[in-house]
Amino acid sequence: MKPVSLLPAFFGRTLLGAGLVACLAANSAAGEFDLSGFPAYAPQQTVSGVIRNYGFGFGGLFRIWEAGFQRYHPGVTFHDTFPTSDAAFPALVTGVTDLAPDGGEPAITEVLSFYEVYGYHATDITVASGTYDVEGRSPGIVIYVHPDNPLARLTLAQLDGIFGSERNGALRGFKWDLKAARGPEQDIRTWGQLGLTGEWADKPIHTYGHAPSGTTRFFQLRVLHNSDKWNPNYRGYVETGSKMIDDDDKVEQRGGVQHMLREELLQDKYGIAWTIVPQAAKVPGLKPVALAVAAGGPFVAPSKATFQDRTYPLVRNLYFYLNRKPGTAVDPKLREFLRYILSREGQEAIVANGNYLPLPADFAAAQRARLD
C-alpha cells in the first residue's frame, strides 16, 4: 500500500473550516467526561520533518490528531500506512515506521523479533482507552453469568481459578516466569468454591469465552498471567459477524459469540462467560459481574464511566510503539506529537471521534513523563 502524505498544502480554508467544526464538536462531546485536569497543548519546541506511521488508523482518529498537530507544527508531514494493527509491530521491527499505532498487545513472536533485532524492548505509550460498547474498537472484557446465578462479584485471582489451570510458569514478555506458577489447589471448578450455597454448592462451573484472538491474548495477559493453560471444559467462540466466522458457518454462525451467549450460556444455569459488550448487548438477559483486582476490593461494575476512569480492571489500551534505545531521547518530532495526543486537545479529539475513551488525567500525565 502506498503511504499517504498529508502535505502542507492541505492547510488553508478547508483545514481551518474542518478544524473549527472539530473544535466545536470536541467542546460539545467532551462534556461527557471531565478533561479539566489535562493541560492544554503548548509546544516545547518547533519541529519539522516527516513522521512515518504504520499500523492501525484508530477509526479515523489518527487523521484528526494529525490535522490538529499541524496547526502548531506546519512543517511536519505524515506518511501513513494503516492496513491493520497486525502490521504495526512488523513495521517497527523492520524499520519502515517511526510510530506503530496498535489496538492491542504484541504477540510473543513480535516481542521476541524486536528484541532479537535491536537487543532491547520496544517502548509503548498508551494514548487512549479501548471502547466500552463500540464494535471493533478494542472493547474491554466483561464477565457474564446466567440471570438466575446469585453471584455478583469476582476477583481477578478467582477468574484465573475459574478459567485457568495449574501451571509451572507463564510468559512475561518472552521470559518464562516461574513466579506465575500455581497449583491445582487454586483451580475453581464448583460454584461452592465461590461461596454459593444450597443447590449451587456442588454444581460444576462451565466456562465460555473467545477463541484465539487479540482479545483473548489480552484476557490471558491480564487474568491468566499470560498463560495458555485453560480450564479443560473451556469453550471458545469467535465474534459473530467477524471475518473469523468459518465460510461454512456464515448463515447460522454457530461458532459465533452471540450464538454461544444465546443458545448456551442462557440455557446453562451453571455457565460463566467472558466477552465484550458489543457482542453481549445483542443478547438480552445476561447478568454482568463486578470485578476487583484484589480480594479486599473495591468491586467495580462494568460501565462506560468505569471503563473511562479505568477503575474497572479489564479495560484495554490503544498504543503507540516506538523504537527508543535505552538512555536516548525520543526524536523531538515524535515526542511533540505524542505530547499533543496526551494533551487536552488530543483527548478531546478522542471524545469527538466517538470510537474510543479518553484517558484519566493522571494516567495521561504518567505517559507523558515516559517521553522525557
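Residues numbered from 1 in each chain as written. Predicted model: local features only at pLDDT ≥ 70, side-chain atom pairs only at ≥ 80, totals over all residues. Heavy atoms only, no water.

**Student:** How should the overall build of the protein be read in this particular structure?
**Tutor:** Scanning the protein from N- to C-terminus turns up twelve helices and 15 strands. A globule of 372 residues ought to have a C-alpha radius of gyration of about 21 Å, and the protein, at 22 Å, matches this closely. C-alpha atoms of the protein, sized along the principal axes, occupy 70 × 45 × 45 Å. Taking all 372 residues of the protein together, the buried fraction comes to 52%. Pairs at least 24 residues apart make up 76% of the contacts formed inside the protein by residues separated by at least 6 positions. Working note: accessible area of the protein is about 16,500 Å², and carbon and sulfur atoms make up 55% of it. Computing the positive centroid from 36 side-chain charges and the negative centroid from 38, the protein places the two 5 Å apart. (Helix = DSSP H or I, 4+ residues; strand = E, 2+ residues; numbered from the N terminus. Rg over C-alpha atoms; globule rule 2.2 N^0.38 Å. Buried < 20%, exposed > 50% of the residue type's maximum accessible area, 1.4 Å probe, protein only. Contact = heavy atoms within 4.5 Å. Areas by Shrake-Rupley, 256 points an atom, 1.4 Å probe, with all protein chains shown as cover. Lys, Arg positive; Asp, Glu negative; His and termini not counted. Charge placed at Lys NZ, Arg CZ, Asp CG, Glu CD.)

**Student:** Is there a simple way to explain unusual backbone geometry in this structure?
**Tutor:** Note: most peptide bonds trans; most residues except glycine with negative phi. Cis rather than trans, the peptide bond between G297 and P298 has omega equal to 5°. Tracing the sequence through the fold places P298 in the loop between β14 (290-292) and α9 (304-308). Even without a glycine there, the phi angle at Q253 is positive, about 50°. Of note, R310 is a non-glycine position whose phi angle comes to about 65°, a positive value. Along the chain, R310 falls in the loop between α9 and β15 (317-322).

**Student:** Hey, could you run me through the pattern of salt bridges in this one?
**Tutor:** Opposite charge on two side chains permits pairing when their charged atoms draw close. On inspection of all chains with the given rule, the structure shows 20 salt bridges. Salt-bridge contacts for D177 lead to K179; the nearest nitrogen and oxygen are separated by 3.3 Å. Exposure remark for D177: the relative accessible area of 12% places this residue in the buried category. Residue K179 is classed as exposed on the basis of its relative accessible area, which comes to 71%. (Salt bridge = Lys/Arg side-chain N within 4 Å of Asp/Glu carboxyl O.)

**Student:** What is the right way to read the packing of aromatic side chains from this model?
**Tutor:** The relation between two aromatic rings is expressed through the spacing of the ring centres and the mutual angle of the planes. Scanning all chains against the criterion turns up 35 aromatic pairs. It is R310 that lies over the ring of F363; its NZ or CZ is 4.2 Å from the centre. (Phe/Tyr/Trp six-rings, centres within 6.5 Å; stacked < 30°, edge-to-face > 60°. Lys NZ or Arg CZ within 6 Å of the ring centre and 35° of its normal.)

**Student:** How do you make sense of the environment of L194 when you look at a structure like this?
**Tutor:** Structurally, the position occupied by L194 is in the loop between β9 (175-177) and β10 (206-210). A residue is classified by how much of its surface remains accessible, and L194, at 13% relative accessible area, is buried. Measuring from C-alpha to C-alpha, the distance between L194 and R167 comes to 21 Å, with 27 residues separating the pair along the chain. Ignoring any residue separated from it by four or fewer positions in sequence, one finds L194 in contact with L151, L154, Q158, I162, I188 and I205.

**Student:** What am I meant to see in the confidence of the model for the protein here?
**Tutor:** As a note on interpretation, predicted positions should not be read in detail where pLDDT is low. Looking at the protein, the pLDDT average stands at 92 and 92% of residues meet or exceed 70. Within the model, the stretch residues 1-30 combines pLDDT values under 50 with 35 contacts to residues more than four positions away or in other chains. (pLDDT = per-residue confidence, 0-100.)

**Student:** Explain the environment of D187 here, please?
**Tutor:** The topology assignment puts D187 in the loop between β9 and β10. Those residues in contact with D187 that lie beyond four places of it in its chain are G161, G164, S165, E166, R182 and Q193. A distance of 3.5 Å separates a polar atom in the side chain of D187 from the backbone nitrogen of E166. (Polar contact = N/O pair within 3.5 Å; in protein donor to acceptor, adjacent residues only side chain to side chain.)

**Student:** Would you mind going over the nonpolar core with me for this structure?
**Tutor:** The tendency in soluble globular proteins is for nonpolar side chains to be buried as a group. One finds F58, W65, I143, L154, W191, F320 and F337 to be the most contacted residues of the largest nonpolar core, which totals 83 residues. Broken down by element, the residue count for this core peaks at five residues, all from helix α10 (residues 332-341). Counting ten residues, the second largest nonpolar core, distinct from the first, contains A88, L92, F114 and A122. (Core = buried A, V, L, I, M, F, W, Y, C linked by side-chain atoms within 4.5 Å.)

**Student:** Just checking my understanding: could you explain the packing of helix α2 (residues 61-72) against α10 for this structure?
**Tutor:** Axes are the key here: two packed helices are described by the angle between their axes and the distance separating the axes. Between α2 and α10, whose axes approach to 10 Å, the crossing angle comes to 115°. Judged by the inter-axis angle, α2 sits roughly perpendicular to α10. Between α2 and α10 the crossing geometry is right-handed. Packed against α2, whose contacting residues are F62, W65, E66, G68, F69 and Y72, the element α10 presents K333, E336, F337, Y340 and I341 at the interface. Classifying every residue of the contact of α2 with α10 gives seven nonpolar, one polar and three charged. (Axes fitted to C-alpha atoms, helices over the stretch in contact; angles between N-to-C directions. Parallel < 35°, antiparallel > 145°, perpendicular 65-115°, else oblique. Left-handed = near helix turned anticlockwise from the far one by under 90°. Nonpolar A, V, L, I, M, F, W, Y, C, P; charged D, E, K, R; others polar.)

**Student:** Please clarify how the pairing of strand β3 (residues 76-81) should be interpreted in this entry.
**Tutor:** Note on strand geometry: in a regular strand, side chains alternate between the two faces of the sheet. Of all six residues that make up β3, five are buried, and the element is covered over most of its length. Sheet analysis places strand β2 (residues 49-54) next to β3, joined by six bridges and oriented parallel. Looking at the pairing, I51 lines up with F78 of β3. The parallel pair β2 and β3 is bridged by α2, and the resulting crossover is right-handed. (Pairing = 2+ DSSP bridges. Right-handed = clockwise from strand over helix to strand, strands pointing away.)

**Student:** Please clarify how the sheet that holds strand β12 (residues 271-275) should be interpreted in this entry.
**Tutor:** Whenever strands of a sheet pair, they do so through backbone hydrogen bonds, lying parallel or antiparallel. Pairing is mixed across the open sheet formed by five strands, whose spatial order is β11-β10-β12-β6-β13. The open sheet is flanked by β11 (235-237) and β13 (287-288), the only strands paired with a single partner. Both strand β6 (residues 142-145) and β12 contribute to a ladder of four bridges, which runs antiparallel. Within β12, the residue paired with Y144 across the bridge is A273. Against the sheet, helix α5 (residues 156-163) contacts β6, β10 and β12, and its axis sits at roughly 115° relative to β12.

**Student:** Explanation requested: the pairing of β15 in the structure shown.
**Tutor:** A large share of β15 lies buried, amounting to six of its six residues. Residues N317, Y319 and Y321 of β15 are buried on one face, and the alternating residues L318, F320 and L322, pointing to the opposite face, are buried as well. Two elements, strand β4 (residues 99-102) and β15, share four bridges in a ladder whose sense is antiparallel. Its bridge partner being in β15, L99 is matched across the sheet by L322. In this sheet, β15 lies alongside strand β5 (residues 123-129) in antiparallel orientation, the contact comprising six bridges. Pairing of S129 across the sheet is with N317, part of β15.

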